[in-house]
Amino acid sequence: MAFSNSHTLISKGTSIVGDIHFSGDLQVEGTVKGNIIVEGGADAKLVVAAKGTVEGEIRVPMVVINGKVIGNVYSGKHVELAAKAVVEGNVHYQLIEMVKGAQVNGALVYGEPPQANKGTGKSADKNQPVDAK
């Protein structure tokens, strides 16, 4: 069966350590310890399933969370927080849908997501402290 977009599944029982750069659709049912970033501003979607966990920053245009995210979420289009969603970090959004039962332990911030500085791995968000190492 052919798909028009790239579809990637991180199944339950799978753990990935490191950043993920993708385009198309990504579904996380396992664990990701690293940042999840869309390449080149492509139109992409991330789904964190009910048993899925992400420990890192998310920078994806469309995000559906029904699992656990420990880190900030930056979405340029749409964020959906389902009933079992737990986000420990700030959620930056343009359009948000939040179902009864979803938890955000951080701030909901409306507006354009800040762009990551190329090559530094640091956020250009002026509201966040930057380590001087």
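Our structure is the block above this text.
In this report, we go over the structure that sits alongside the text.

What counts, and where the lines are drawn
Residues numbered from 1 in each chain as written. Predicted model: local features only at pLDDT ≥ 70, side-chain atom pairs only at ≥ 80, totals over all residues. Heavy atoms only, no water. Pairing = 2+ DSSP bridges. Helix = DSSP H or I, 4+ residues; strand = E, 2+ residues; numbered from the N terminus.

1. Digging into the sheet that holds strand β9 (residues 58-59)
Alright, step 1. Ordered in space as β3-β6-β9-β12-β15-β18, the 6 strands form an open sheet in which the pairing is parallel. Looking at the sheet topology across the chains shown, the edges are occupied by β3 (20-22) and β18 (108-110).
Alright, step 2. Inspection of the sheet shows β9 paired to strand β12 (residues 73-74) by 2 bridges, in the parallel sense. The residue of β12 that forms the bridge with I58 is V73.

2. A word on the pairing of strand β10 (residues 62-65)
Alright, step 1. Across 4 bridges, strand β7 (residues 45-48) lies against β10 in parallel orientation. Looking at β10, one finds that K45 is bridged to M62.
Alright, step 2. Sheet analysis places β10 next to strand β13 (residues 78-81), joined by 4 bridges and oriented parallel. Bridge pairing in β13 places V63 opposite V79.

Remember that the coordinates give geometry; whether it matters functionally is a separate question.
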